[in-house]
Amino acid sequence: MHYFTLDKESLDNITRKPNLTLDIPKSGYNFRATNYVASQTAAQTAGCSFLDTTQYCILGAEDCDKADDLVIDACMDEKLVTGEIGINPAGNNFLALDCIMNITAQTLSREDIDQRRMAVPLTIAAEDKESHGVALCIDSDKDKKHVDIMILEQHALRDGGKLDYSKEIGLTLDHLQKIFEMQGVSVSTYQNDKPICREKGVCGIVSAEVCKRLLQADNPMKTAQLGTIKISREKVNELHHANFLNYQKDNPLQNVKTKDNGCQR
């Protein structure tokens, strides 16, 4: 039995090469760009593993046992960061997230497993507004009897307009809370009500950075509630430039100049 199916459009979307170009892409980071940045976060964070959701989605459509093994392997370290995961809260569509959470909810609550924290760059789909990137962090206490679940979103508007994702975030937090309560774990949830960054078209950059900061924080919930994570336009540019340079370093063939026009490819 397969977790889900991937049509050609979906497969093309998740396998398209990272759009980590010199300038910030107007369409935002694509699936593999977010995955790449998440892999960098794992490399820069002690005791952290990375779950490649490009590989996971493909395996989930082809062989659910191999997909489960991929998640289990990623849960053996103290911390875990995943690549992009898409959800549609208003449509009660959490399929890809649930397939992962069915395992990670257990590892985060089991005393015999080291994992205590995970971060996920979520992409929220909605019919009446653009898809939008947010940062999810789940943090288990020392005894693994309680988890803090937080979702931080850059605009944090509450005006019911096109940049108000509070309803979708609330539905997601409620959904995750039920999953952990089924494991006998108490839960506290939080979503921010103050903006992190008001720039447009940069949610992928912002959510990836927020995931990193929460993953590396001494106390993610306290950090989230204090509202100290602020990202300026200058910082957005700096973060993207670092992502671009890292990708070029890791993929030198992407930076080869052609003989025709000298343009980078």
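This is a predicted model, so every value here is computed, not measured. (Residues numbered from 1 in each chain as written. Predicted model: local features only at pLDDT ≥ 70, side-chain atom pairs only at ≥ 80, totals over all residues. Heavy atoms only, no water.)

Participant: Looking at this structure, how should I read the environment of Asn92?
Facilitator: Summarising the element assignment, Asn92 is placed in the loop between β3 (85–87) and α5 (95–107). Considering only alpha carbons, one finds Asn92 and Arg110, 18 residues apart in sequence, at a separation of 27 Å. (Helix = DSSP H or I, 4+ residues; strand = E, 2+ residues; numbered from the N terminus.)

Participant: Mind showing me how you'd approach the environment of Glu78 here?
Facilitator: Among the structural elements, Glu78 can be located in the loop between α4 (64–74) and β2 (79–82). Residues Glu78 and Glu199 lie 121 residues apart in sequence; the distance between their C-alpha atoms is 33 Å. Contact partners of Glu78, with chain neighbours within four places excluded, come to Gly47, Asp114, Gln115, Arg116 and Arg117. (Contact = heavy atoms within 4.5 Å.)

Participant: What exactly am I supposed to notice about the confidence of the model for the protein chain here?
Facilitator: A low pLDDT means the predicted coordinates there should not be read in detail. For the protein chain, per-residue confidence averages 92 on the pLDDT scale, and 94% of positions sit at 70 or higher. Segment residues 256–265 is flagged for pLDDT under 50; beyond a separation of four residues in sequence, or across chains, it makes 11 contacts in the model. (pLDDT = per-residue confidence, 0-100.)

Participant: Which parts of the structure should I look at to understand the nonpolar core?
Facilitator: Within soluble globular proteins, side chains that are nonpolar generally end up buried alongside one another. In this structure, Leu97, Met101, Leu122, Leu136, Ile138, Ile149 and Phe180 are the most contacted members of the largest nonpolar core, which totals 38 residues. Among the secondary structure elements, those contributing two or more residues to this core are α3 (53–62), α4, β3, α5, β4 (117–126), β5 (129–140), β6 (146–152) and α6 (166–181). Per-element accounting of this core gives the leading share, 7 residues, to α5. (Core = buried A, V, L, I, M, F, W, Y, C linked by side-chain atoms within 4.5 Å. Buried < 20%, exposed > 50% of the residue type's maximum accessible area, 1.4 Å probe, protein only.)

Participant: Explain helix α9 (residues 233–250) to me, please; I cannot follow it from the model alone.
Facilitator: The α-helix advances 3.6 residues per turn, and as a result positions three or four apart in sequence lie on the same side. In a regular helix each residue adds 1.5 Å, so 18 residues correspond to 26 Å; α9 covers 26 Å between its end C-alpha atoms and thus fits that length. Turning to α9, the residues buried within the fold contact α2 (31–43) and α7 (203–216). (Expected span 1.5 Å × (residues − 1).)

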